[in-house]
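Geometric and topological summary
Chain residues, written in single-letter form:
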Amino acid sequence: NKDAKIFVCSHTDFEPVVSNPVYESIDIRKMGDTFNGTHGSYWSELLMMKKVSQRKKLPDYIGFCHYRRYFGFMDNVPEIGKTIEAHGAITTKAADLGMSMRKQYATWGNPEDLDICTQLISEKYPDFAPAWNRGLDSRKMHLATMSIMRTEDWKEMMAVMWDVAQEYLKRIG
């Protein structure tokens, strides 16, 4: 797995429960960064991912987990490259929310935020809009922002996420 790295994201002191060298701990507190003036605690996972994306050298496969949530394989990491080439990505098992993600967000979030993001994706990334809407209409969700994928795919995802986040902040003021 020399061509892979799984970043263990944290915002607190912790003792790693994994020792495989494929894992690298990364702490938002040590980044001294904000996103458009918003403190990192609101954007911690995205800020960590952004910082990682700015590294000059990245492996072929990149992943993220949390200091309290790890993939089921823990230190017994499979051959990541072979697994991803066969399946496209590694992520958590989909959880059934009991309602669509759109309804779940409308119930516990701010539906206007979701509407703005949906509009931005439709305007700026029309090729992604159908998948976005299928995801919102689904009752299933991959929790915990945990995934491992090809670095080139991850970089494209990061570029879209940051662009949408920046445009969202411009629109809400």
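Below is a summary of the structure that appears in this document. (Residues numbered from 1 in each chain as written. Predicted model: local features only at pLDDT ≥ 70, side-chain atom pairs only at ≥ 80, totals over all residues. Heavy atoms only, no water.)

For the structure shown, the criterion picks out 10 salt bridges. Lys170 is paired through a salt bridge with Glu167; the nearest N and O atoms lie 3.3 Å apart. Here Lys170 and its partner Glu167 are both found in helix α6 (residues 151–172), three residues apart, which amounts to about one turn of the helix. The class of Glu167 is buried, set by a relative accessible area of 18%. In this structure, a network of salt bridges that share partners links the residues Lys124, Asp163, Glu167 and Lys170. (Salt bridge = Lys/Arg side-chain N within 4 Å of Asp/Glu carboxyl O. Helix = DSSP H or I, 4+ residues; strand = E, 2+ residues; numbered from the N terminus. Buried < 20%, exposed > 50% of the residue type's maximum accessible area, 1.4 Å probe, protein only.)

A few words on the pairing of strand β9 (residues 147–150). Pairing analysis gives four bridges linking strand β5 (residues 61–66) to β9, with the strands arranged antiparallel. Bridging from a neighbouring strand, Ile62 pairs with Met149 of β9. Across two bridges, the pairing between strand β6 (residues 90–91) and β9 is antiparallel. Within β9, the residue paired with Ile90 across the bridge is Ile148. (Pairing = 2+ DSSP bridges.)

This model, assessed by the stated rule, comprises six aromatic pairs. A centroid spacing of 6.3 Å and a plane angle of 80 degrees characterise the contact between Tyr23 and Tyr70, whose relative ring orientation is edge-to-face. A residue pair is termed long-range when its members are at least 10 positions apart, and Tyr23 in strand β2 (residues 23–27) and Tyr70 in the loop between β5 and α2 (80–87) qualify at 47 residues. By the burial criterion, Tyr23 is buried, and Tyr70 matches it. (Phe/Tyr/Trp six-rings, centres within 6.5 Å; stacked < 30°, edge-to-face > 60°.)

What follows covers the environment of Ser147. Following the sequence through the fold, Ser147 ends up in strand β9. Sequence spacing of Ser147 and Tyr70 is 77 residues, and the spatial spacing of their C-alpha atoms is 10 Å.

Scope: geometric values only; no functional claims are made or implied.
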